[in-house]
Amino acid sequence: MATSILRSMGTNLFGNSPKWYKTTLLVFLIINPLLLITAGPFITGWVLIAEFIFTLAMALKCYPLAPGGLLALEAVVMNMTTPQSVYAETIHNFPVILLLMFMVAGIHFMKDLLHYAFTRLVVKVKSKIVIALLFSFMGAFLSAFLDALTVTAVVIAVAYGFYNIYNKEISQLSGIEDYNNSSNGNFRNDLDQFRGYLRNIMMHAAVGTALGGVCTLVGEPQNLLIGHEMGWHFADFFKWILPVSMPVLIIGLLTAMLLEKFKIFGYGYQIPKSVYNILKKTVDQQDAAMTPAFRAKLISQSVIGIWLIFALALHLAEVGIIGLSVIVLLTALTGVTEEHQIGHAFTEALPFTALLVVFFSIVAVIHDQHLFQPVIKFVLSLEGKNQLVAYYLANGMLSMISDNVFVATVYISETKAAYLSGNYNLTPEQFEQLAVAINTGTNIPSVATPNGQAAFLFLLTSSLAPLIRLSYIEMVKLALPYTIIMTLTGLAATYYMPEVHEWLTSFMSFPELHLPAVEAVSGH
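Residues numbered from 1 in each chain as written. Predicted model: local features only at pLDDT ≥ 70, side-chain atom pairs only at ≥ 80, totals over all residues. Heavy atoms only, no water.

Pulling in residues and values, what's your account of the environment of R469?
The topology assignment puts R469 in the loop between α23 (464–467) and α24 (472–495). Separated by 26 residues in the primary sequence, R469 and Y495 place their C-alpha atoms 39 Å from one another. Within the structure, the side chain of R469 is placed 2.5 Å from the backbone oxygen of P466, a separation counted as a polar contact. (Helix = DSSP H or I, 4+ residues; strand = E, 2+ residues; numbered from the N terminus. Polar contact = N/O pair within 3.5 Å; in protein donor to acceptor, adjacent residues only side chain to side chain.)

Can you explain the packing of helix α19 (residues 384–401) against α24? Please cite residues and give values.
Contact pair α19 / α24: the axes reach a minimum separation of 9 Å and the direction vectors enclose 155°. Classified by the interaxial angle, the pair formed by α19 and α24 is roughly antiparallel. Regarding α19 and α24, the two cross each other, and that crossing is right-handed. Along its contact with α19, which presents K385, L388, V389, Y392, L393 and M400, the element α24 presents T483, M486, T487, G490, L491, T494 and Y495. In terms of residue class, the contact of α19 with α24 is built from eight nonpolar, four polar and one charged. (Axes fitted to C-alpha atoms, helices over the stretch in contact; angles between N-to-C directions. Parallel < 35°, antiparallel > 145°, perpendicular 65-115°, else oblique. Left-handed = near helix turned anticlockwise from the far one by under 90°. Contact = heavy atoms within 4.5 Å. Nonpolar A, V, L, I, M, F, W, Y, C, P; charged D, E, K, R; others polar.)

Would you mind going over the packing of aromatic side chains in detail, with residue names and values included?
For the structure on display, the rule yields 17 aromatic pairs. Judged by centre distance (5.8 Å) and plane angle (45°), the ring pair of F118 and F135 falls under tilted. Residue F118 is located in helix α7 (residues 111–124), and its partner F135 is located in helix α8 (residues 128–143); the two are separated by 17 residues in the primary sequence. Since its relative accessible area comes to 13%, F118 is described here as buried. Given the relative accessible area of 1%, F135 is considered buried. An aromatic cluster is present here, built from F14, W20, Y21, F28 and F54 joined pairwise through their rings. A cation over an aromatic ring shows up here: R199 above the ring of Y269, its NZ or CZ 5.5 Å from the ring centre. (Phe/Tyr/Trp six-rings, centres within 6.5 Å; stacked < 30°, edge-to-face > 60°. Buried < 20%, exposed > 50% of the residue type's maximum accessible area, 1.4 Å probe, protein only. Lys NZ or Arg CZ within 6 Å of the ring centre and 35° of its normal.)

Describe the nonpolar core, and please don't skip the residues or the numbers.
L198 and Y411 are the most contacted members of the largest nonpolar core, which totals 160 residues. The element contributing the most residues to this core is helix α9 (residues 148–174), with 14 residues. (Core = buried A, V, L, I, M, F, W, Y, C linked by side-chain atoms within 4.5 Å.)

Scope: geometric values only; no functional claims are made or implied.
Here it is in structure tokens:
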């Protein structure tokens, strides 16, 4: 009896995940305390990060919440961090949690408008190169004023809508309820091709959010943080970042086109003729069956969409609060009044919200164990352009494995403290350029993995990812050409940033920026 119960507990552990996966996680949980005793908290901390990245990489085998959560709980039990530190890290990122809770749900109530607009876009624009450019540019433009997570939620809703249209039609033709898990070969090639097509446009849009997010004060959370520390307003931030952000944006958009042109690194999938015909048929049916009620719903969603863009661009409130206003307005205007209808909107984001809090626990370990401290001390010891380049690369590499907001927070606070101390011979100009290097370093190279960009992690753990076979490894592969080209472009732009800033100052009558604290130190 006892043996049967133990066997059943082993079967229940992580559900239907492969045995090798279960064994690997158990080994992780066993060796961590042993490592802490023998190697110390610093080495164990880095091993813990690697283990957590493994759970993300295996997201299609098991959703990372349970395995990653066990690793985080063990870290707390081993006193590598404390519940207070986890809570503090969570509170610090509470705006992101609000965003996930309310903004993603708000986008759910705009899906009719999104499906209507983007289905027609795909039907009318037949060139994959143009489609790639449009999705990449759309991600960049919207992320310059909105939040990357919000933009990613929009694109996920669009791609999910495309997939559902195709799956529903094929199910009716083949008599198979869920063709996604069918081995029927009649439509298998088209389905695989369509999945590749959706993977491509999702990655173009996701990378686009990074291209645009780096450009403006409101584009990414760390931008606001750095802007606040430096005393930069919207226009100031844009001008300071311009020498790096604009070359990367241009090269990034060109990369999207070249990847589709030469069909490399997993790009170049075309929409199958059968899928195109189904989407076109859907568009024609929607146009023919358009009722006044549906037109009114589209108009209402369009108006609220305009409100959303202006409210976020002007930062009228926290992003999550604006998302809540979208939910209230759209449910009222479109007649969504039943609890189960409203509740369905929250099912996509809440598992990821829980996972994000687990991620904050790992970040708390990084903070409490000072895992990044040796790197910070090294880059502060450098001078001139070498220091700028080192800052850019260090922030980029650390953002590939950790949260880029956390990395930016640590670096800007440590750099500001070093500057104010006067121990590192940092001039005001060098300090401001280091702030640019921190911002661009945490935004650009971090596209390499889903770890650094919350929008990428959200995409990886979304319900769309398994449908289109978008695994961690596949995301890394698809992001690789972008990572290499954008990182090198940003590196070159960072190296020549002092000269470009000097040129911009004369060309644009660009004023010198001085913080009150900077002036005080300079005067002293």
